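Report on the structure
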Amino acid sequence: YSLRDDASRQLAGVAWFSKQQHEHIEPRYTTTFAIRLYDIARSQGLSYPFAQAAHTDYAHTLEAEHGDIWLETDEDNIAAQKLYEKLGYATILAANHRIIMGLTV
């Protein structure tokens, strides 16, 4: 998924899902999610609607069964953790300054 700035037509962010399991969490988490917003889009309140739209589209466009979703972030990235919690993710594991969060779909 991509987010573009209307005025400049620049790429403002990307989000993606990938079929991938994590070796340290339950195998039911079969898909990972990631999001990146670039400087042009930061501090504009775009993270949540962009991530929510990506999740909604992902859930509605899959033809095959899919498992639960996981992601990983730094333990000191509180803004990201709040975003993920707002999307429904919960912490599964915290170790080595990293947090793995999961979403049951």
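Just above sits the structure.
Here is a short report on the structure shown in this document. Please read these numbers as outputs of a predicted model, since none were measured by experiment. (Residues numbered from 1 in each chain as written. Predicted model: local features only at pLDDT ≥ 70, side-chain atom pairs only at ≥ 80, totals over all residues. Heavy atoms only, no water.)

Concerning the sheet that holds strand 5 (residues 90-95)
Note the following rule: Strands qualify as paired when DSSP identifies two bridges or more between them. Starting at the N terminus, helices and strands are each numbered in turn, a helix being any DSSP run of H or I of at least four residues and a strand any DSSP run of E of at least two. The axes are straight lines fitted to the C-alpha atoms, using for helices just the contacting stretch, and the angles between their N-to-C directions are given from 0 to 180°. In this description, contact between two residues means that some pair of their heavy atoms is separated by no more than 4.5 Å.
The 6 strands are arranged 1-2-3-4-6-5 in an open sheet whose pairing can be described as mixed. Both outer strands of the open sheet, strand 1 (2-4) and strand 5, are each paired with one neighbouring strand and no more. In this sheet, adjacent strand axes meet at a mean angle of 20° when their direction is disregarded. Helix-sheet contacts for helix 1 (residues 47-61) involve strand 1, strand 2 (11-19), strand 3 (29-37), strand 4 (68-74) and strand 6 (98-103), and the interaxial angle to strand 3 is about 145°.

Here we look at the packing of aromatic side chains
To keep it simple, the criterion reads: Side-chain rings of Phe, Tyr and Trp (the six-membered ring for Trp) are treated as a pair once their centres are within 6.5 Å; stacked means planes under 30 degrees apart, edge-to-face means over 60, and tilted covers the remaining angles. Residue burial is assigned from relative accessible area. The probe radius is 1.4 Å, only protein chains are included, and a residue is buried under 20% of its type maximum, exposed over 50%, and partly exposed in between.
As enumerated under the stated definition, the model contains 4 aromatic pairs in all. Seen from their ring centres, tyrosine 1 and phenylalanine 17 are 6.1 Å apart, and the 85° between their planes marks the pair as edge-to-face. Linking tyrosine 1 in the segment before strand 1 with phenylalanine 17 in strand 2, this pair joins segments that are 16 residues apart in sequence. With 3.9 Å between their ring centres and 15° between their planes, phenylalanine 17 and tyrosine 58 make a pair best called stacked. With phenylalanine 17 in strand 2 and tyrosine 58 in helix 1, this residue pair connects regions lying 41 residues apart in the sequence. Owing to a relative accessible area of 15%, phenylalanine 17 belongs among the buried residues under this scheme. Judged by relative accessible area, tyrosine 58 falls into the buried class, the value being 9%. Here the aromatic residues Tyr1, Phe17, Phe33 and Tyr58 are joined through ring pairs into a cluster of three or more.

Comments concerning the pairing of strand 2
Here strand 1 runs beside strand 2; their pairing, made up of 3 bridges, is antiparallel. From the neighbouring strand, leucine 3 faces strand 2, where its bridge partner is glycine 13. Following strand 1, the chain reverses through 6 residues before pairing antiparallel with strand 2; arginine 9 in that reversal takes a positive phi of roughly 65°. Where strand 2 and strand 3 come together, 7 bridges link them in antiparallel fashion. Bridge pairing in strand 3 places glycine 13 opposite leucine 37.

Concerning the nonpolar core
Test applied: Buried Ala, Val, Leu, Ile, Met, Phe, Trp, Tyr and Cys residues form a nonpolar core when they are joined through side-chain atoms within 4.5 Å.
Core analysis: the largest hydrophobic core is formed by 22 residues, its most contacted members being Phe33, Ile35, Ile69, Tyr84 and Tyr89. Elements that contribute at least two residues to this core include exactly strand 2, strand 3, helix 1, strand 4, helix 2 (78-87) and strand 6. Sequence-distant contacts of tyrosine 84, defined by excluding residues within four places in its chain, comprise Phe33, Ile35, Leu71, Thr73, Tyr89 and Met101.

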